[in-house]
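# Fold and contact review
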Amino acid sequence: MAQTLPNPGALAGCKVIDLSRVLGGPYCTQILADHGADVLKIEPPGGDETRGWGPPFLGETASYFIGVNRNKDGMTLDLSQAAGQELLRHLLADADVLVENFKPGTLEKWGLGYEDLKQAFPALIHCRVSGFGSDGPLGGLPGYDACAQAMCGLMSVNGDADGEATRVGLPVVDMVTGLNAAVAILLALNERTRSGLGQFLDITLYDCALSLLHPHAPNYFYSGKVPQRTGNAHPNIAPYETLPTASGPIFLAVGNNRQFAMLAQVLDAPALAQDARYAANADRLRNRQALRDELTRLLAGHDAAALADRLLRAGVPAAAVQTVDQALAHPHTRHRGMVLEQDGYKGVGSPIKLSRTPATLRKLPPAMD
């Protein structure tokens, strides 16, 4: 993500009012802000609760907040008061997008729900991020990332086969919800160029969590078998898992016969690719444990990082398992501009690379008034 290019960004001129807190909504609006949208983050008088989700802190602000709120202006507003509601309406008069994650019914109670706002601002795109939506058996109930992971089957397929259901070690549902919200906003902005009208975008953690169930949902639809935990092993591909080496684990992601033959060649074991038990992916799946035992023996004398590099250059997807600090310090991470450092700010760069209008770091996360 470049810091010096003077381009205004692909979303320059798009005004976004961000009433969201915590992660899904702020992650969405940071994507928009990175690409030039004018984002005003409006917090309640006590601030976004993630400002206190530390340590670590930079000054009085938690790293959690800093990580998803760059490139935004900020202000506080008490929307439970008439004066706050009136000021919000004033701010919406020339806004393109409203992003919020209030519990369904809250803005409606204040006369700021979609049906009220569209009368005054027919071109406004109103994006709500919520747990379950406003109706249905769970409508209006609060939603949280880990609960969505548990309820929607993600935990049931994550973890070792003989272990307990395990939360994915990052807030994947919140972040995918933020991504889907950003996609929805861009779709609505594009459609508005034809119709001139805004619309309501209903993005829920529940839906987004279910959408992540690939390949487990299609496997269930077409086999009738309930997916189970397989640790790091893939349910449909082999070898596709972590295996031990002399220096630590390596992940092999062998997706076809050509890659398997090349793996055997790099490991100086050409007979492995000629073994009928491993002739095709379906055979390798049926004989997964025997193959794992063979590969474990062959890998025992190798260094994970060096072998992964050799395999990658031979066209075999492989990676040593790195820690967070190692991943952030990797030369390719720097080459891709994926670490930002400016004026005391450090963050992960935008993964969305546009040739003429790249993302830029223009503003540090807003401080509390």
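An unreviewed UniProt entry lists the protein chain under the name CoA-transferase, with Achromobacter arsenitoxydans SY8 given as the organism.

In the structure shown here, the tally under the stated rule is 18 salt bridges. Note that Arg286 is salt-bridged to Asp283, the shortest N-O span being 2.4 Å. Of this pair, Arg286 and Asp283 are both found in helix H12 (residues 281-286), three residues apart, which corresponds to roughly one turn of the helix. Under the relative-accessibility criterion, Arg286 is labelled exposed at 61%. The exposure class assigned to Asp283 is buried, which follows from its relative accessible area of 18%. If you follow the salt bridges from partner to partner, you end up with Asp275, Arg277, Glu294 and Arg297 in one network.

Domain parsing of the protein chain yields domain 1 (15-212 + 339-348) and domain 2 (240-321). A C-alpha centroid distance of 42 Å is found between domain 1 and domain 2.

Estimates place the volume of the largest pocket at around 1000 Å³. Of all the elements in the fold, those that place two or more residues in the lining of the largest pocket are helix H1 (24-34), strand S3 (57-58), helix H2 (63-66), helix H7 (172-195), helix H15 (324-329), strand S12 (339-342) and strand S13 (345-348). For the lining of the second largest pocket, the secondary-structure elements that each account for two or more residues are H1 and strand S7 (125-130). When its residues are assigned to classes, the lining of the second largest pocket shows twelve nonpolar, six polar and six charged.

Next up on the list: the state of the cysteines. Here a disulfide denotes one covalent bond, and it connects the sulfur atoms of two cysteines. Under the definition given, this model contains zero disulfides. Here Cys14 is not cross-linked by a disulfide; its sulfur's nearest cysteine counterpart is in Cys28, at 10 Å. Residue classification places Cys14 among the buried positions, given a relative accessible area of 9%.

Once that is clear, we can look at the sheet that holds strand S10 (residues 248-253). Backbone-to-backbone hydrogen bonds pair the strands of a sheet. The strands run either parallel or antiparallel. Spatially, the three strands line up as an open sheet ordered S9-S10-S11, and their pairing is antiparallel. With one partner strand each, in any of the chains shown, strand S9 (240-245) and strand S11 (318-320) form the two edges of the open sheet. The sheet shows a mean angle of 25° between the axes of neighbouring strands, taken without regard to direction. Inspection of the sheet shows S9 paired to S10 by six bridges, in the antiparallel sense. Within S10, the residue paired with Glu241 across the bridge is Leu252. Lying on the sheet, helix H13 (residues 288-299) is in contact with S9 and S10; it crosses S9 at an angle near 35°.

On to the side chain of His216, then. Among the secondary structure elements, His216 is positioned in helix H9 (residues 216-223). Those residues in contact with His216, other than ones at most four positions away along the chain, are Val157, Pro227 and Pro235.

Right, let's talk about the nonpolar core for a bit. Membership of the largest hydrophobic core comes to 36 residues, with the highest contact counts inside it found for Val16, Leu32, Val97 and Ile185. Where this core is concerned, the elements lending two or more residues are H1, strand S6 (97-100), S7, H7, strand S8 (200-204) and helix H8 (205-211). Tallying contributions element by element places H7 first for this core, with nine residues. When neighbours within four sequence positions are excluded, Ile185 is seen to be in contact with Cys28, Leu32, Val97, Val99, Ile125, Cys127 and Leu201.

An α-helical turn contains 3.6 residues, so any two residues separated by three or four positions project in the same direction. Among all positions of helix H10 (residues 257-266), only Gln259, Phe260, Leu263, Ala264 and Val266 are buried. Projected onto a plane normal to the axis of H10, the buried residues spread over an arc of 165° and lie on a single side. Those residues of H10 that are exposed and angled more than 90 degrees off the buried face are Arg258 and Gln265. Contact partners of the buried residues in H10: S10, helix H11 (271-274), H12, H13 and helix H14 (304-313). Residue Asn256 occupies the N-cap position of H10, its side-chain oxygen lying 3.2 Å from the main-chain nitrogen of Arg258. Where H10 ends, the next residue or the one after it, Asp268, has phi of about 55°, a positive value.

Take H13 next. The end-to-end C-alpha separation of H13 is 16 Å, in line with the 16 Å expected for twelve residues at 1.5 Å each. Turning to H13, its buried residues number three or more, namely Arg288, Leu291, Leu295, Leu298 and Leu299. Angularly, the buried residues of H13 cover 90° about the axis, an arc narrow enough to put them on a single face. Where H13 is buried, its residues touch S9, S10, H10, H11, H12 and H14.

Once that is clear, we can look at the sheet that holds S7. Spatially, S5-S2-S1-S6-S7-S8 is the arrangement adopted by the six strands of the open sheet, whose pairing is parallel. Two strands bound the open sheet, and with one partner strand each, they are strand S5 (72-76) and S8. Strand-to-strand, the axes of this sheet are offset by a mean angle of 20°, without reference to chain direction.

Along S7, six of the six residues are buried, which leaves the element largely enclosed by surrounding structure. The pairing of S6 with S7 spans four bridges and is classified as parallel. For Glu100, the partnering residue across the bridge sits in S7 and is Arg128. The sheet contact formed by S7 and S8 spans five bridges and is parallel. The partner of Ser130 across the bridge, within S8, is Thr204.

The rules behind each value
Residues numbered from 1 in each chain as written. Predicted model: local features only at pLDDT ≥ 70, side-chain atom pairs only at ≥ 80, totals over all residues. Heavy atoms only, no water. Salt bridge = Lys/Arg side-chain N within 4 Å of Asp/Glu carboxyl O. Helix = DSSP H or I, 4+ residues; strand = E, 2+ residues; numbered from the N terminus. Buried < 20%, exposed > 50% of the residue type's maximum accessible area, 1.4 Å probe, protein only. Domains from an automatic or database assignment. 1 Å grid on protein atoms, 1.4 Å probe; cavity = no way out; pocket = protein on both sides within 12 Å on 5 of 7 lines; lining within 4 Å. Points joined across faces, edges and corners; volume = space filled by probe spheres on them. Nonpolar A, V, L, I, M, F, W, Y, C, P; charged D, E, K, R; others polar. Disulfide = S-S within 2.5 Å. Pairing = 2+ DSSP bridges. Axes fitted to C-alpha atoms, helices over the stretch in contact; angles between N-to-C directions. Contact = heavy atoms within 4.5 Å. Core = buried A, V, L, I, M, F, W, Y, C linked by side-chain atoms within 4.5 Å. Arc of directions from axis to C-beta. Polar contact = N/O pair within 3.5 Å; in protein donor to acceptor, adjacent residues only side chain to side chain. Expected span 1.5 Å × (residues − 1).

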